[in-house]
Amino acid sequence: MSRKIAVCPGSFDPITNGHLDIVYRGLCVFDKVVIAIGRNPLKQDLFTTEEKYEMIRESIGDDPRIEVDIFEGLLVDYLLRKKACAILRGLRVISDFEMELQLALMNRRLCDKIETFFLMTDYNHLFVSSTIVKATAAAGGSVEGLVPQPALEKLREKFPQMKEREASKRRT
Ligand code: ADP
């Protein structure tokens, strides 16, 4: 029987526990999930694609059911190359739905062999996005518990103010 492969695409700038929640839920249905980092030269991200790759690899450990990869160009072409049958996306709040619907229908128009699957995130991750994580970290706030440890360490490197605030909290 052929293995069912899903691709979980995104910017992952940086990966959060919300993303990981979707990947692990996906593994309840699919044999393998590929975390695919979209390389977009037009987008100004905090982390380079290589940094994102490292953070994700270190976060997932040695699970043979998960692959981390980088792609450019059309997502459906990438899925065909990977012999994947599904796009895995997470839904948090109603506002995610509109954009996700557009993306899913455009991808179906480009290739009707590929289905998009939406999974509901755990309620603990409902408010978590890479954007809010970066904004909080940049202002020196703690994002512990919202991102995996390797991403937390990279954020501390980018934003020393996080470390300073953590240290001053420990002193009080
Ligand atoms: P993009 O830039 O393509 O939106 P993201 O890295 O922000 O990429 O997100 C990739 C996918 O992960 C999207 O389907 C998004 O809805 C989902 N996602 C992001 N944060 C969470 C979260 N906290 N819980 C569940 N899914 C999430």
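Scope of this entry: the structure provided in the associated data block. Just so you know, these numbers come straight off a predicted model, no measurement behind them.

Definitions and cut-offs
Residues numbered from 1 in each chain as written. Predicted model: local features only at pLDDT ≥ 70, side-chain atom pairs only at ≥ 80, totals over all residues. Heavy atoms only, no water. Pairing = 2+ DSSP bridges. Helix = DSSP H or I, 4+ residues; strand = E, 2+ residues; numbered from the N terminus. Right-handed = clockwise from strand over helix to strand, strands pointing away. Core = buried A, V, L, I, M, F, W, Y, C linked by side-chain atoms within 4.5 Å. Buried < 20%, exposed > 50% of the residue type's maximum accessible area, 1.4 Å probe, protein only. Contact = heavy atoms within 4.5 Å. Axes fitted to C-alpha atoms, helices over the stretch in contact; angles between N-to-C directions. Near = heavy atom within 4 Å. Polar contact = N/O pair within 3.5 Å; in protein donor to acceptor, adjacent residues only side chain to side chain. Areas by Shrake-Rupley, 256 points an atom, 1.4 Å probe, with all protein chains shown as cover.

Right, let's talk about the pairing of strand β4 (residues 86–91) for a bit. Both strand β1 (residues 5–10) and β4 contribute to a ladder of two bridges, which runs parallel. Each residue of the ladder has a partner; that of Val7, found in β4, is Ile87. Sheet topology note: the β4/strand β5 (residues 115–120) ladder contains six bridges and is parallel. By the bridge assignment, Arg89 is partnered in β5 with Phe118. Following the chain from β4 across helix α4 (residues 94–110) to the adjacent parallel β5, one finds a crossover that is right-handed.

With that out of the way, let us pick up the nonpolar core. Soluble globular proteins: nonpolar side chains tend toward being buried together. Within the largest apolar cluster, 32 residues are counted, with the highest numbers of intra-cluster contacts made by Val143 and Leu155. Of all the elements in the fold, those that place two or more residues in this core are β1, α1 (17–26), β2 (32–38), α2 (49–60), β3 (66–71), β4, α5 (130–138) and α6 (149–158). Discounting chain neighbours no more than four positions away, the residues touching Val143 are Val133, Thr136, Ala137, Leu152, Leu155 and Met162. Ranked by size, the runner-up nonpolar core spans 13 residues in total, among them Ala36, Phe71, Cys111 and Ile114.

Direction vectors running N to C along α2 and α6 enclose 145 degrees, while the axes themselves pass 8 Å from each other. Along its contact with α2, which presents Glu51, Met55, Glu58 and Ser59, the element α6 presents Pro150, Ala151, Lys154 and Lys158.

Turning to the site of the ligand, a few remarks are in order. Close to the ligand lie 15 residues; Ser11, Gly90, Thr121, His125 and Val128 are nearest. Arg89 is positioned with one of its side-chain polar atoms (N or O) 3.1 Å from an oxygen atom of the ligand. Taking Gly90, its main chain carries an N or O atom lying 2.8 Å from an oxygen atom of the ligand. Out of a free accessible area of 550 Å², the ligand has 84% covered by protein chains. Looking at the shell around the ligand, the elements that each hand over two or more residues are β1, α1 and β4. Take the shell around the ligand: its biggest share by element is three residues, from α1.

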